[in-house]
Amino acid sequence: MVGSVIALLVMTASAPLAEDTDFIRAQAQYADLEFESAMTSLKKAATQPYAPDERAQLEVWMGLCSAQLRDELGMKAPFAQAVALDVEVSVPGFAPPKV
């Protein structure tokens, strides 16, 4: 029984966030100032199961996109969720100072 549970967990585990094609695409779209497209890609990436620290990074990127889209209300929830998932999460060094 335990072996079955472990096998199921291994089968449902996703690749690391850094290898997720939607996340990689979102980062490139963000760099190209395509924030709405990046948000769409991030939402696709968010459908995968990730460890809390990786999910926190995903939430940070969603918050960054919302900030760039000047969606002040929309950026608060992802940042709050990121901190709730991982208190040591941080924004990338290129993030605007206001963020």
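See the structure printed just above.
Now for a quick tour of the structure.

Some points on the packing of aromatic side chains
Logical step 1: Scanning the model with the defined rule gives five aromatic pairs in all.
Logical step 2: Consider the rings of Tyr 30 and Phe 94, whose centres lie 5.7 Å apart with planes at 50°: the pair is tilted. One end of the pair, Tyr 30, is in helix α2 (residues 21–31); the other, Phe 94, is in the segment after α5 (72–85), and 64 residues separate them in sequence.
Logical step 3: Relative to Phe 94, the ring of Trp 61 lies with its centre 5.6 Å away and its plane at 55°, an arrangement referred to as tilted. Pair noted here: Trp 61 is in helix α4 (residues 52–68) and Phe 94 is in the segment after α5, with a separation of 33 residues, a long-range link.
Logical step 4: Exposure remark for Phe 94: the relative accessible area of 47% places this residue in the partly exposed category.
Logical step 5: Cluster of aromatic residues (ring-pair linked, three or more members): Phe 23, Tyr 30, Phe 35, Trp 61 and Phe 94.

Focus on the environment of Lys 43
Logical step 1: As for its position among the elements, Lys 43 is in helix α3 (residues 35–45).
Logical step 2: Separated by 21 residues in the primary sequence, Lys 43 and Asp 22 place their C-alpha atoms 8.5 Å from one another.

Observations concerning the nonpolar core
Logical step 1: By size, the foremost hydrophobic cluster in this structure holds 22 residues, and its most contacted members are Phe 23, Tyr 30, Leu 42, Leu 58 and Leu 64.
Logical step 2: Of all the elements in the fold, those that place two or more residues in this core are α2, α3, α4 and α5.
Logical step 3: At seven residues, the largest contribution of residues to this core is made by α4.
Logical step 4: Once you skip the residues sitting within four places of it in the chain, Leu 42 turns out to touch Phe 23, Ala 26, Leu 58, Trp 61, Met 62 and Cys 65.

Here's the deal with the side chain of Gln 29
Logical step 1: Within the secondary structure, Gln 29 is located in helix α2.
Logical step 2: Its relative accessible area of 14% is what places Gln 29 among the buried residues.
Logical step 3: A polar side-chain atom of Gln 29 sits 3.3 Å from the main-chain amide nitrogen of Ala 38.
Logical step 4: Filtering out sequence-adjacent residues up to four positions away, Gln 29 remains in contact with Glu 34, Ser 37, Ala 38 and Ser 41.

Focus: the packing of α3 against α4
Logical step 1: Packing of α3 against α4 brings their axes to within 9 Å, and their N-to-C directions diverge by 155°. Relative to α4, α3 is oriented roughly antiparallel. Seen from above, α3 lies across α4 with left-handed handedness. On α4, the residues that touch Phe 35, Ala 38, Met 39, Leu 42, Lys 43 and Ala 45 of α3 are Leu 58, Trp 61, Met 62, Cys 65, Ser 66 and Gln 68.
Logical step 2: Among the residues making up the contact of α3 with α4, the classes are represented as nine nonpolar, two polar and one charged.

Structural notes on the environment of Glu 36
Logical step 1: Relative to the helices and strands, Glu 36 resides in helix α3.
Logical step 2: For Glu 36 and Ser 66, which are 30 residues apart along the polypeptide, the C-alpha to C-alpha distance reads 8.5 Å.

The rules we used
Residues numbered from 1 in each chain as written. Predicted model: local features only at pLDDT ≥ 70, side-chain atom pairs only at ≥ 80, totals over all residues. Heavy atoms only, no water. Phe/Tyr/Trp six-rings, centres within 6.5 Å; stacked < 30°, edge-to-face > 60°. Helix = DSSP H or I, 4+ residues; strand = E, 2+ residues; numbered from the N terminus. Buried < 20%, exposed > 50% of the residue type's maximum accessible area, 1.4 Å probe, protein only. Core = buried A, V, L, I, M, F, W, Y, C linked by side-chain atoms within 4.5 Å. Contact = heavy atoms within 4.5 Å. Polar contact = N/O pair within 3.5 Å; in protein donor to acceptor, adjacent residues only side chain to side chain. Axes fitted to C-alpha atoms, helices over the stretch in contact; angles between N-to-C directions. Parallel < 35°, antiparallel > 145°, perpendicular 65-115°, else oblique. Left-handed = near helix turned anticlockwise from the far one by under 90°. Nonpolar A, V, L, I, M, F, W, Y, C, P; charged D, E, K, R; others polar.

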